[in-house]
Every structure is written in structure tokens, then in C-alpha cells.
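Each chain is listed here by its residues.
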Amino acid sequence: MTTALAFDGLRADGLALTRGERRLFAGLSFELGACELLLLLGPNGSGKSSLLRALLGLAPLAAGTLATGTGPVKPRRLCDAALYQGHAGAAKGELTAVENLALSAALDGTVAAGAGEAALRDALDEVGLARQRHIETRRLSQGQRQRLSLARFALALRAPVRPLWLMDEPSAALDRDGAALLVRMLDAHLARGGAAIVATHLPVASAAGRVRELRLDAFAPRRAAAPATLADDGAFAR
């Protein structure tokens with residue numbers, strides 16, 4: 001089922017982020033519109049995961065502002081519109097796959113608590129976990145746990161909520177079929193008007209929307225003297 005989404009855009013201006021006494025990046029700006037995918041690229045430690053967390057108010061920004069189409073917005077306010085997948089899995093090992101998905105769905109608002117058994121079953125089937133739905137999550141392989149994380153987004157495709165997807169290394173531990181599944185889900189989300197920011201070391205293509213690349217190491221302090229610009233192909237470059 002396809003449900004149109006209303007995403008009124010996101011603009012970041014002059015963002016800076018520190019970890020301890022180390023400045024990860026400064027002067028980072030970008031815009032994201034409906035049907036667009038922004039890929040966060042850069043080596044380990046460049047701040048990709050930290051930026052995703054900062055956009056949701058889970059890590060403090062040292063500088064910069066955020067705004068949507070309706071005006072300035074505090075990071076915490078983006079939580080209402082965002083579906084976030086962190087790098088570290090949040091599934092509880094003692095719960096089964098379907099129990100974990102039901103808990104996540106209740107927190108995400110995609111399926112009401114205690115309802116939607118058919119939707120949960122269909123989502124697990126879509127990500128290839130139909131036979132594992134009653135297995136304790138701690139007994140699943142790393143790739144299967146990653147597919148369980150994707151099941152949250154499979155549910156979100158059936159609900160008119162959370163137009164902004166924030167995903168941290170969603171293709172990690174996935175096999176070829178799993179990586180193709182991720183692309184299909186992103187395509188479906190962008191095609192209905194959603195947007196996504198994906199931190200990744202691996203290529204993530206999309207045929208349904210505009211793809212931009214933002215290299216965070218280009219905004220590291222050691223390179224602050226050469227400001228980054230937006231190239232004609234939509235990629236941020238020096």
C-alpha cells in the first residue's frame with residue numbers, strides 16, 4: 001500500500017560538532033527535500049553517526065541551526081517526523097523477533113501497541129524473517145538482526161508517519177539480497193514523498209529520488225581553509 005507523505009524539507013546551516021575536546025567538523029551545511037536521499041560519507045571517526053544523533057537532539061551541536069519549511073526548529077522537534085536506526089542494534093536479546101518488532105512499532109507509532117499482528121508478520125516476511133519470527137533475537141545472526149531493524153521501516157511504508165528516515169550503516173552485515181531489499185525500501189519511501197539521510201561506507205543507490213553525497217571529512221578542522229561547495233551533480237565537493 002502506498003501512502004503519500006508530507007515532508008516540508010530540512011536545512012542545516014553552519015553545523016559544528018565536538019567529541020570530548022576534539023572538533024569533528026565545522027561549517028557543515030546542507031538542504032534536504034522531499035524525494036531526496038543524502039548519503040553521509042567519510043572515514044571512521046568523521047562524525048557520521050554523531051551527526052545523525054545530533055539532528056535528533058541525542059548529541060549536542062556546538063554550533064549551527066536547523067530549519068524546516070515552516071521555520072527554525074530545535075533538534076528534538078525532528079523526532080516527531082523521523083524514524084531512526086542507530087549503528088548499534090536496540091533489539092532485546094531475550095525477546096523474539098516479532099516481540100521486538102511489536103515493541104519498536106509501538107514506540108515508533110507505526111502500529112498501535114497490542115494490535116497489528118498481520119502487519120508485523122507481513123513486515124518480517126518482507127525482510128526474510130518469516131521463519132525466525134518466534135526465535136529469540138540473541139539466537140539470530142548479525143545479518144538477521146540487521147534485517148530485523150529493516151522490518152521497522154517495512155512497517156513504516158504501510159503507515160503515513162515518519163517522513164524522514166535516518167539510518168546508520170543500514171547495509172552492514174547484509175548479504176546481496178539484503179542490500180537489494182534496502183534499496184527497494186528506500187526507493188518506495190522516496191517515491192511517496194519521503195526523505196532519507198543514510199550514513200554509510202558502502203554505495204547505496206536509488207532510482208526513485210535525487211541522491212546527494214556529503215563527505216564529512218571535507219568539513220574537518222584541518223581543511224577548514226577550503227570551504228566545500230555543492231557540485232553540479234548534487235555532490236558536495238572541494
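Predicted model only: the values in this text are computed from it and were never measured.

## Observations regarding the overall build of the chain
Move 1: What the chain contains, in helices and strands, is five helices and 11 strands.
Move 2: The 238 residues of the chain split such that 46% are buried.
Move 3: Contacts in the chain between residues far apart in sequence, at least 24 positions, make up 70% of those at least 6 positions apart.
Move 4: Accessible area for the chain stands at about 11,400 Å²; split by element, carbon and sulfur atoms hold 51% of it.

## Let's talk about the nonpolar core
Move 1: In this structure, Leu101, Leu150, Trp165, Met167 and Leu186 are the most contacted members of the largest nonpolar core, which totals 34 residues.
Move 2: Within the residue set of this core, elements represented by two or more residues are β3 (36-41), α2 (97-108), α3 (117-126), α4 (142-156), β7 (164-168), α5 (176-191) and β8 (195-199).
Move 3: Examining the composition of this core, we find that seven residues originate from one element, α4, more than from any other.
Move 4: If sequence neighbours within four positions are ignored, Trp165 has contacts with Leu83, Phe153, Ala156, Leu157, Met185, Leu186, His189, Ala195, Ala196 and Ile197.
Move 5: Of all hydrophobic cores here, the second largest spans 31 residues; its members include Phe25, Leu38, Leu66 and Leu214.

## Topic: the sheet that holds strand β2 (residues 22-32)
Move 1: Spatial strand order, β2-β1-β4-β5: four strands in an open sheet with antiparallel pairing. Edge positions in the open sheet fall to β2 and β5 (71-72), since each of these has one partner strand only.
Move 2: Here seven bridges tie strand β1 (residues 10-19) to β2, and the two strands are oriented antiparallel to one another. Bridge pairing in β2 links Arg11 to Glu31.
Move 3: Contacts from helix α1 (residues 48-55) reach β1, β2 and β4 (63-68) within the one sheet, and its direction differs from that of β1 by about 120°.

## A few points about the sheet that holds strand β9 (residues 210-215)
Move 1: Reading across from one edge, β6-β7-β8-β3-β9 is the order of the five strands in this open sheet, with parallel pairing throughout. Each edge of the sheet is formed by a strand with only one pairing partner; in this case those strands are β6 (82-85) and β9. Taking the axes of each pair of neighbouring strands and ignoring which way they run, one obtains an average angle of 15° across the sheet.
Move 2: Across the sheet, α4 touches β6 and β7, and the angle it forms with β6 is around 170°.

## Details of the side chain of Ser171
Move 1: Here Ser171 shows up in the loop between β7 and α5.
Move 2: For Ser171, the residues in contact, after removing those within four places along its chain, are Gln146, Leu182, Thr200 and Leu202.

Cut-offs and rules
- Residues take numbers from 1 onward in each chain, read along the sequence in its written order.
- Only residues with pLDDT of at least 70 get local features here, since the model is predicted, and only at 80 or more are side-chain atom pairs given and counted; chain-wide, interface and lining totals rely on the full set of residues.
- Water and hydrogen atoms play no part in the side-chain values, which are based on all heavy atoms of the structure.
- Where helices and strands are cited, they refer to DSSP runs of H or I of at least four residues and of E of at least two residues respectively, numbered from the N terminus.
- Between buried and exposed lies partly exposed: a residue is buried under 20% and exposed over 50% of the maximum accessible area for its type, with that area taken using a 1.4 Å probe on protein chains only.
- Whether two residues are in contact is decided by their heavy atoms: any pair within 4.5 Å suffices.
- Under the convention used here, a 1.4 Å probe and the Shrake-Rupley method define accessible areas, while residue burial counts only the protein chains that appear.
- In these notes, a set of buried Ala, Val, Leu, Ile, Met, Phe, Trp, Tyr and Cys residues joined through side-chain atoms within 4.5 Å is what counts as a nonpolar core.
- By definition, two strands form a pair when at least two bridges between them are found by DSSP.
- Lines fitted to the C-alpha atoms define the axes, with helices restricted to the stretch that makes contact. Angles between their N-to-C directions range from 0 to 180 degrees.

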